[in-house]
Amino acid sequence: MENDKIIHGCKTCKYFLQHYIRYKTSFHKIFCGHCTNIDVKAYKRQKLPYISGCNKWEQAEENSFDNINAYRL
């Protein structure tokens, strides 16, 4: 049986915006990002990403773009 438990961390939230770096002709994820939910106070957003998420967490869409390396310059 597959484990279908959803982790309610920032990285799986629809409001989390992942940061990337450009290296030569491609982009790579870095361990950094920020929250785009305006209901979360700015001082709390500075401490992201939270592993366990927050009370404003919402499920990200299934079709969200996951492989940024498909974008080439």
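Note that the coordinates shown come from a computational prediction; the quantities given were computed from them, not determined experimentally.

Draft legend 1. Local environment of the pairing of strand E1 (residues 16–23). Sheet analysis places E1 next to strand E2 (residues 26–35), joined by seven bridges and oriented antiparallel. When the bridges of E2 are listed, Leu17 appears paired with His34. Between E1 and the antiparallel strand that follows it, E2, lie two residues; Lys24 among them carries a positive phi value of about 60 degrees.

Draft legend 2. Focus on the pattern of salt bridges. If you walk through the whole model with that rule in mind, you get one salt bridge. For Lys14, the salt bridge goes to Glu58, with nearest N and O atoms at 3.2 Å. Here Lys14, found in the segment before E1, pairs with Glu58, found in the segment after helix H1 (42–45); they are 44 residues apart in sequence, far enough to count as distant.

Reading guide: rules and limits
- As a convention, each chain's residues are numbered from 1 in the sequence order in which they are written.
- Residue-level local features of this predicted model are given only where pLDDT is at least 70; pairs of side-chain atoms are given and counted only at 80 or more, and the full residue set underlies all totals for whole chains, interfaces and linings.
- By convention in this description, side-chain values take in all heavy atoms of the structure and omit both hydrogens and water.
- Only when DSSP finds a minimum of two bridges between them are two strands counted as paired.
- Secondary structure elements follow DSSP: runs of H or I of four or more residues count as helices, runs of E of two or more count as strands, with numbering from the N terminus.
- The rule for a salt bridge is simple: a side-chain nitrogen of Lys or Arg has to be within 4 Å of a carboxyl oxygen of Asp or Glu.

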